[in-house]
Amino acid sequence: MKILGICGSPRKGNTEWLMRELMRATEKRGGKTELITLKDKNIKICDGCLSCEKTSACHIKDEMQETYNKILSADAVVLGSPTYMDAPTSLAMNFIHRMYPLYGKIKGKRFASVVVGQVGGQEGITSRGKVEDYFKAIAGLFELDHVGSLSVAARDPNDASKITDIEEQCENLATKILNQS
Ligand SMILES: Cc1cc2nc3c(=O)[nH]c(=O)nc-3n(C[C@H](O)[C@H](O)[C@H](O)COP(=O)(O)O)c2cc1C
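Residues numbered from 1 in each chain as written. Predicted model: local features only at pLDDT ≥ 70, side-chain atom pairs only at ≥ 80, totals over all residues. Heavy atoms only, no water.

(A) Examining empty space enclosed by the protein more closely. Here the structure, examined in full by the defined rule, presents 1 cavity of 30 Å³ or more. Looking at the largest cavity, its volume works out to about 80 Å³. As for the largest cavity, its lining consists of Ile 71, Val 77, Leu 79, Phe 95, Ile 96, Met 99, Ile 106, Phe 111, Ile 138, Phe 142 and Leu 144. Taken together, the residues of the lining of the largest cavity sort by class into 11 nonpolar, no polar and no charged. (1 Å grid on protein atoms, 1.4 Å probe; cavity = no way out; pocket = protein on both sides within 12 Å on 5 of 7 lines; lining within 4 Å. Points joined across faces, edges and corners; volume = space filled by probe spheres on them. Nonpolar A, V, L, I, M, F, W, Y, C, P; charged D, E, K, R; others polar.)

Following this line, the structure appears as structure tokens:
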């Protein structure tokens, strides 16, 4: 099973660390993984031309083109983002916008998310919960099979790595991604 991780943090912080832990846990169980850090890619902003509605392709010739092929050949996609002002980062949002040409083409692929935010509290009322719900809605829009998510309270780099059961949380999500029990 091929798992493609997409990290939408503009820094090497908690989200990237969590994505790497998750990829490692998935590899350990037999998955083949690749992690793309959007901050290191030349992926331009969706220019809103809407030509992809007709052509099912994006006219912008940048590194999103190779990413389309990777998404198409993956069995599962994991999207990770910090929470910025109650929303995903602009890197993660632009990635979702640039996914438009794949609309209707990736139905049934497995999907999971990793969301980081500094606010604690009950799930569903924190802003982190809003990003988690938004990613769930996006999975619905693309008719992906949403298998689970990881929502982590962390602010400064290395905060997530100090959470006592974080490895277990990554292991649990890895089993869901691979459909193992
Ligand atoms: C511009 C900006 C806006 C932020 N807005 C929120 C927010 O609305 N809610 C929240 O819980 N954390 C917010 N944070 C904190 C980040 O989500 C937190 O630092 C997170 O760990 C960043 O992930 P990273 O370590 O992968 O970069 C914000 C951080 C920045 C830089």
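(B) Layout of the layout of surface pockets. By volume, the largest pocket amounts to about 280 Å³. Along its surface, the largest pocket is lined by 18 residues, and Pro 82, Thr 83, Tyr 84, Gln 118 and Ala 154 are the ones closest to its centre. Among the secondary structure elements, those contributing two or more residues to the lining of the largest pocket are helix H1 (14–28), strand S3 (76–84) and strand S5 (110–117). Looking at the lining of the largest pocket element by element, the count peaks at 3 residues for S3. Its residues assigned to classes, the lining of the largest pocket comprises 6 nonpolar, 8 polar and 4 charged. (Helix = DSSP H or I, 4+ residues; strand = E, 2+ residues; numbered from the N terminus.)

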